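Breakdown of the fold
Chain residues, written in single-letter form:
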Amino acid sequence: MIKPTQEVPELKLPLINDTKWSLYDQDSKAFTMLVFYRGLHCPVCKNYLEALTKKLKDFSDRGVHLIAISSDNEERAKKAGNEWNIPELPVGYNLPIETAREWGLYVSKKTSDKEPDEFSEPGLFLIRPDNTLYASAIQTMPFARPNWDDILNAIDYVTKNEYPARGGE
């Protein structure tokens, strides 16, 4: 498990817009936010990422870079990008299951033909510009994810009050 204030592992992924993304190349003012989602098969993920897309400017205005990440292959990830209302959202794919486990994400096996053989469950990570973990929220299933307005309010509070990372002991 990655603890707050620890350096996180480098993460490099292809994006559905045919470019590459690297965590260590991000030059955010406040945070880089990683939003791990289950994949194309998940209607809860679709709604969650569509709601995030409506808040992209709010996060950008606060100096937050972000990316949505799944273990989906290229075909499934690009299908989600085309079918979901997430046109400006950076979407990374091909997250190896081993890497998902390194980040502390839960992994599930398929229970229907709509799902890939294995996929990671949701997680949200706020990474400081020095590549250390500030905060995380990890779920075992698609429900009960952090609300985007709550995250934005927390970022405002943390930034204004220089609130330290907690839970690293």
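Residues numbered from 1 in each chain as written. Predicted model: local features only at pLDDT ≥ 70, side-chain atom pairs only at ≥ 80, totals over all residues. Heavy atoms only, no water.

Position of Ser70 relative to the elements: it lies in the loop between β4 (64-69) and α3 (74-83). The residues touching Ser70, leaving out its near neighbours within four places in the chain, are Tyr37, Gly39, Gly92, Tyr93, Asn94 and Leu95. (Helix = DSSP H or I, 4+ residues; strand = E, 2+ residues; numbered from the N terminus. Contact = heavy atoms within 4.5 Å.)

Right, let's talk about the packing of aromatic side chains for a bit. Across all of its chains, the model carries eight aromatic pairs by this definition. For the ring pair Phe36 and Trp103, a centre distance of 6.0 Å and an interplane angle of 50° mean the geometry is tilted. Within this pair, whereas Phe36 is found in strand β3 (residues 31-36), its partner Trp103 is found in the loop between α4 (97-102) and β6 (107-109), the two being separated by 67 residues in sequence. Across the pair, Trp103 and Phe36 agree in class, each one buried. Ring centres of Trp103 and Phe125 lie 5.1 Å apart, and the angle between their planes is 85°; this geometry places the pair in the edge-to-face category. Here Trp103, found in the loop between α4 and β6, pairs with Phe125, found in strand β8 (residues 123-127); they are 22 residues apart in sequence, far enough to count as distant. No difference in accessibility class separates Trp103 from Phe125, as the two residues are buried. Site record: aromatic cluster; members linked through ring pairs are Phe36, Trp103 and Phe125. (Phe/Tyr/Trp six-rings, centres within 6.5 Å; stacked < 30°, edge-to-face > 60°. Buried < 20%, exposed > 50% of the residue type's maximum accessible area, 1.4 Å probe, protein only.)

Turning to the pairing of strand β9 (residues 133-138), a few remarks are in order. Two strands pair when backbone bridges link them, and β8 and β9 are joined in this way by five bridges, in the antiparallel orientation. Paired with Gly123 across the strands is Ile138, a residue of β9. Counting the residues that bridge the hairpin from β8 to β9 gives five residues, and of these Asn131 lies at a positive phi of roughly 65°. (Pairing = 2+ DSSP bridges.)

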